[in-house]
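Chain residues, written in single-letter form:
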Amino acid sequence: MLPITSGDTALRGLRLQISESFHIDQSSKSKRVGLSAVIFALVAVILVFAKMNSEGFNILWRYFAWSNQTLSLFAFLAISVWMFENGKAKWVWMPLIPGAWYAFITITYIMNAKIGFNIPWGASYAIGVAAAVVYVAIICWYGKKRSSRLTNAHL
C-alpha cells in the first residue's frame, strides 16, 4: 500500500509544483487532468523501463527510498529553523537529533551504494558522520541568525 499512496502523493505534489512554477492555471478539472496526463505519460515511460529491465523496479525503488528519506531530512531542517524563529530553541533538539540521524543515514548510503558513489564503507561512514555534524552546525548557526534577525526586527 505504501508505494501506491506515496506515488499518489508524489504525483499530486509534482502536478502542483509544476503548475505553480510555470504559472499553469489549475482552476478547472480539464486543466488539472491535462497536466496530470502529461505527468502520467512520463511515469508510464519510467514504469515500462522498470518492467523491461530485470533490475528496473529495484533500481527505481532504491532511488525512491533514498529520495524519500532525504525529503524527511529537509522536513526536520524546516521544523528546526521554525523552532528557532518562534522562541522554541530549547526544544530544537527534538527535530535536530532525527534530522542528524537521517543526514548520516542518507549520505552514508548514497556514498556506499553501487547506484551512488560506490565508496568503501569506512569512508562512507566518515562522510556520513561529517555530513550529520555539518547539518547540525548549519541549522544551529542559521536558526540563531534567523532568530536574532526576527527579534531585532520586532524591536
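Look up a bit, the structure's there.
The text that follows walks through the structure, step by step, so that each part is easy to find. (Residues numbered from 1 in each chain as written. Predicted model: local features only at pLDDT ≥ 70, side-chain atom pairs only at ≥ 80, totals over all residues. Heavy atoms only, no water.)

1. Re the pattern of salt bridges
Pairing of side chains with opposite charge becomes possible as their charged atoms draw close. Evaluated as defined, the whole model comprises three salt bridges. Residue Glu85 pairs with Arg146 through a salt bridge whose shortest N-O separation is 2.6 Å. Taken together, the positions of Glu85 in helix H3 (residues 56–85) and Arg146 in helix H5 (residues 121–154) put the pair 61 residues apart, joining distant regions of the chain. (Salt bridge = Lys/Arg side-chain N within 4 Å of Asp/Glu carboxyl O. Helix = DSSP H or I, 4+ residues; strand = E, 2+ residues; numbered from the N terminus.)

2. Digging into helix H4 (residues 93–112)
One turn of the α-helix equals 3.6 residues, which is why residues spaced by three or four share an orientation. Over its 20 residues, H4 runs 28 Å from end to end, which matches the ideal 28 Å to within 8%, given 1.5 Å per residue. For H4, every residue scored as buried is listed here: Pro95, Leu96, Gly99, Ala100, Ala103, Phe104, Thr106, Thr108, Ile110, Met111 and Asn112. (Expected span 1.5 Å × (residues − 1). Buried < 20%, exposed > 50% of the residue type's maximum accessible area, 1.4 Å probe, protein only.)

3. Side note on the nonpolar core
Residues Leu73, Met83, Phe84, Val92, Leu96, Ala100, Ala103, Phe104, Ala132, Tyr135 and Ile139 constitute the largest nonpolar core, which totals eleven residues. Of all the elements in the fold, those that place two or more residues in this core are H3, H4 and H5. The element best represented in this core is H4, accounting for four residues. Every residue in contact with Ala103, bar those within four places of it in the chain, is listed here: Leu73, Ala131, Ala132 and Tyr135. (Core = buried A, V, L, I, M, F, W, Y, C linked by side-chain atoms within 4.5 Å. Contact = heavy atoms within 4.5 Å.)

4. Some words on the packing of aromatic side chains
This model, assessed by the stated rule, comprises seven aromatic pairs. The interplanar angle of 15 degrees and the centroid separation of 6.1 Å between the aromatic rings of Phe57 and Trp61 together place this pair among those described as stacked. With a gap of four residues between them, Phe57 and Trp61 both fall in helix H3, about one helical turn apart. Measuring from centroid to centroid gives 5.2 Å for Trp61 and Phe64, while their planes differ by 35 degrees, and the two rings are tilted. Taken together, the residues Trp61 and Phe64, both in helix H3 and three residues apart, mark about one turn of the helix. Look at Trp61 and you get partly exposed, because its relative accessible area is 32%. Pairwise contacts between aromatic rings join Trp101, Phe104, Trp121 and Tyr125 into one cluster. (Phe/Tyr/Trp six-rings, centres within 6.5 Å; stacked < 30°, edge-to-face > 60°.)

5. Side note on the environment of Phe117
Relative to the elements of secondary structure, Phe117 occurs in the loop between H4 and H5. Look at Phe117 and you get exposed, because its relative accessible area is 55%. If we ignore the near neighbours within four places in the chain, the residues touching Phe117 are Ile110 and Met111.

6. Section: H3
With 30 residues, H3 should cover 44 Å at 1.5 Å per step; its first-to-last C-alpha distance of 44 Å lies within 8% of that length. Residues Gly56, Thr70, Ser72, Leu73, Ser80, Val81, Met83 and Phe84 constitute the buried set of H3. Downstream of H3 by a residue or two, Gly87 has a phi angle that is positive, lying close to 70 degrees.

7. Remarks on unusual backbone geometry
The phi dihedral of His23 is positive, around 55 degrees, even though this residue is not glycine. Mapped onto the fold, His23 is located in the loop between helix H1 (2–21) and helix H2 (29–52). A positive phi angle is found at Asn118, which is not glycine, with a value near 55 degrees. For Asn118, the position within the fold is in the loop between H4 and H5.

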